[in-house]
Amino acid sequence: MFDLNELERAHAIVGQAVTATPAHAWPLLAERLGTQVLVKHENHTPIGAFKVRGGLVYLERLKRERPNVPGIISATRGNHGQSLAFAASRHGVPAVIYVPRGNSVEKNRAMKTFGAELVEHGEDFQAAREEAGRHAQFAGLHMVPSFHPDLVLGVATYALELFRSAPDLDILYVPIGQGSGICGCIMARDLLGLKTEIVGVQSTEAPSYALSFAAGKVVTTETSNTLADGMATRIPDPEALTIIRKGASRIVEVTDDEVAAAIRAYWTDTHNLAEGAGAAALAAALQEKTKLQGKRVGLVLSGGNIDFDLFRQWVGTGAPATA
C-alpha cells in the first residue's frame, strides 16, 4: 500500500497541523491491568480523534492532483467527517457530509463549525453512505470513501510515532470501525520490522469484521446498534479485511457495558475522556487481563468525542462505580 518513505512524508504533512500525540504509561491503569501499559492519546488531536491524520493526507494529494476539484462529499458517524471538514477547510475545498438521523449532536456541530455542509439521511451509516454516493454523482462532487490507501497512510502516522517511541510493545489493542486505524498500525509495524502482536476490537452489537475475520470472507450484519458509534459498521471493506486477516492475530468483541466500564476507568485512572470506540481497546485488554501478565501492552485511545448525554449515562450521575 505504501513504503516507509511515503509514511515519513505523510507524517510531515500531518505534522503541519497536528503535533505528535503523547503515549503515556499511567500507573493506575497498570495496576488495574496488572502489567505494563502504554496509552496512545489520539484524543489529543485538533478534532479529538485519530482520523484527522487521514483527512489531511487525503486532501493534500487530492488538491495537488486536482487543484480545481469543486468539492468533496462523504458519509460518517462523526470523526471521519470532522477529519474531512477540518482538512478541506485548510485547502479551501467545500465539503458536504452525510450523517444518519439521530447522529451525535456534538459531532454534527463540530463538522458544521469546521465548515462542512451537513445532511442527515437514513437510519444508519450505511444508508447515509449510499445516499452520499448518489448525490456525489448528481452534484459532480468528489466522493471520499471511508477506507482508502491515503486515509490508511495518514492514520498510520500515529502508529509510526507510537512504535518509534515504544518498539518493545508485546501487544497492541486497536478498535475497528471501517478499518483504517488497525490497517495503519499493521502497515507501520511491518515497515519498521517489529513483532508486536496487533489485536482488533469490535462491539458485540456490530461484529461484522469479527465475523468476517473468522469466516475468511466479507460477512455483513443487518444492524449495528452499539452505543460506541465509532465501531458501528455493518459492511466491512474487503481490502481492509485482507490486511487485518494477514496482520492481526485476532479480533476481540466487547459489550457496551464493558466499553462503559473502560470509559470510567480512563476517567478515574488518567482523567482522560474516551468515546466508546476510544475506550474499546482498554475494554478488550481488561477482558483478556489474565493473558497479559508480564507483557508490555499498548492501547489506542482513538478519540474522546462522546456525547454529553451518553457521558452522563456511562460516567456521570447514576453510573456504577468503577473498582
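Bear in mind the structure is a predicted one, so any value in this text is a computation, not a measurement. (Residues numbered from 1 in each chain as written. Predicted model: local features only at pLDDT ≥ 70, side-chain atom pairs only at ≥ 80, totals over all residues. Heavy atoms only, no water.)

Participant: An account of the overall build of the protein is requested, with residue identities and associated values reported.
Facilitator: In terms of regular secondary structure, the protein is built from 13 helices and 10 strands. A globule of 323 residues ought to have a C-alpha radius of gyration of about 20 Å, and the protein, at 18 Å, matches this closely. Looking at the protein as a whole, 59% of its 323 residues qualify as buried. Considering only residue pairs separated by 6 or more positions, the protein has 74% of its internal contacts joining residues 24 or more positions apart. Counting every atom, the protein has about 12800 Å² of accessible surface; 51% of that belongs to carbon and sulfur. If you average the places of the 31 positive and of the 34 negative side-chain charges in the protein, the two averages end up 3 Å apart. (Helix = DSSP H or I, 4+ residues; strand = E, 2+ residues; numbered from the N terminus. Rg over C-alpha atoms; globule rule 2.2 N^0.38 Å. Buried < 20%, exposed > 50% of the residue type's maximum accessible area, 1.4 Å probe, protein only. Contact = heavy atoms within 4.5 Å. Areas by Shrake-Rupley, 256 points an atom, 1.4 Å probe, with all protein chains shown as cover. Lys, Arg positive; Asp, Glu negative; His and termini not counted. Charge placed at Lys NZ, Arg CZ, Asp CG, Glu CD.)

Participant: Can you tell me about the packing of aromatic side chains, naming the residues and giving the values?
Facilitator: What the rule picks out here adds up to four aromatic pairs. Judged by centre distance (5.6 Å) and plane angle (85°), the ring pair of phenylalanine 86 and phenylalanine 114 falls under edge-to-face. Placement of the pair is phenylalanine 86 in helix α4 (residues 79-91) and phenylalanine 114 in the loop between α5 (105-113) and β5 (117-120), with a sequence separation of 28 residues. Since its relative accessible area comes to 22%, phenylalanine 114 is described here as partly exposed. Measuring from ring centre to ring centre gives 5.7 Å for tryptophan 267 and phenylalanine 311, while their planes differ by 75°; the resulting arrangement is edge-to-face. (Phe/Tyr/Trp six-rings, centres within 6.5 Å; stacked < 30°, edge-to-face > 60°.)

Participant: Which residues make up the nonpolar core, and what are the values?
Facilitator: Among the nonpolar cores identified, the biggest contains 64 residues, and Leu56, Leu59, Ile72, Val174, Ile182 and Ile244 are the most heavily contacted of them. Looking at which element gives the most residues to this core, the answer is helix α7 (residues 149-165), with 10 residues. What valine 174 contacts, discounting residues up to four positions off in sequence, is Tyr158, Gly181, Ile182, Cys185, Ile198, Val199, Gly200, Val201, Ala281 and Val300. Ile263, Ala274, Ala279 and Phe311 belong to the second-largest nonpolar core, a separate cluster that totals 36 residues. (Core = buried A, V, L, I, M, F, W, Y, C linked by side-chain atoms within 4.5 Å.)

Participant: Tell me about empty space enclosed by the protein, residues and numbers included.
Facilitator: Counting across every chain of the model gives two cavities of 30 Å³ or more. Estimates place the volume of the largest cavity at around 370 Å³. Residue lining of the largest cavity: 31 residues in total, with Lys51, Gly177, Gln178, Gly230 and Met231 positioned closest to the centre. Those elements that provide at least two residues to the lining of the largest cavity are α4, β7 (171-175) and α8 (180-191). Looking at the lining of the largest cavity element by element, the count peaks at three residues for α8. A per-class count over the lining of the largest cavity returns 12 nonpolar, 14 polar and five charged. Around the second largest cavity, the lining residues are Lys51, Gly54, Gly55, His80, Ser83, Ser146, Leu151, Val155 and Ser180. (1 Å grid on protein atoms, 1.4 Å probe; cavity = no way out; pocket = protein on both sides within 12 Å on 5 of 7 lines; lining within 4 Å. Points joined across faces, edges and corners; volume = space filled by probe spheres on them. Nonpolar A, V, L, I, M, F, W, Y, C, P; charged D, E, K, R; others polar.)

Participant: Tell me about the packing of α4 against α5, residues and numbers included.
Facilitator: At a minimum axis distance of 8 Å, the contact between α4 and α5 shows a crossing angle of 10°. As judged from the angle between their axes, α4 and α5 are roughly parallel. Considering how the two elements wind past one another, α4 and α5 form a crossing that is left-handed. On α5, the residues that touch Asn79, Gly81, Gln82 and Ala85 of α4 are Lys107, Ala110 and Met111. For the contact of α4 with α5, a count of residues per class yields three nonpolar, three polar and one charged. (Axes fitted to C-alpha atoms, helices over the stretch in contact; angles between N-to-C directions. Parallel < 35°, antiparallel > 145°, perpendicular 65-115°, else oblique. Left-handed = near helix turned anticlockwise from the far one by under 90°.)

Participant: So what about the side chain of histidine 80? Which residues, and what values?
Facilitator: Within the fold, histidine 80 resides in helix α4. With a relative accessible area of 8%, histidine 80 lands in the buried category. One polar contact links the side chain of histidine 80 to the main-chain carbonyl oxygen of proline 145, over a distance of 3.3 Å. Not counting residues within four places of it along the chain, the set of residues in contact with histidine 80 comprises Lys51, Ser74, Ala75, Val144, Pro145, Ser146 and Leu151. (Polar contact = N/O pair within 3.5 Å; in protein donor to acceptor, adjacent residues only side chain to side chain.)

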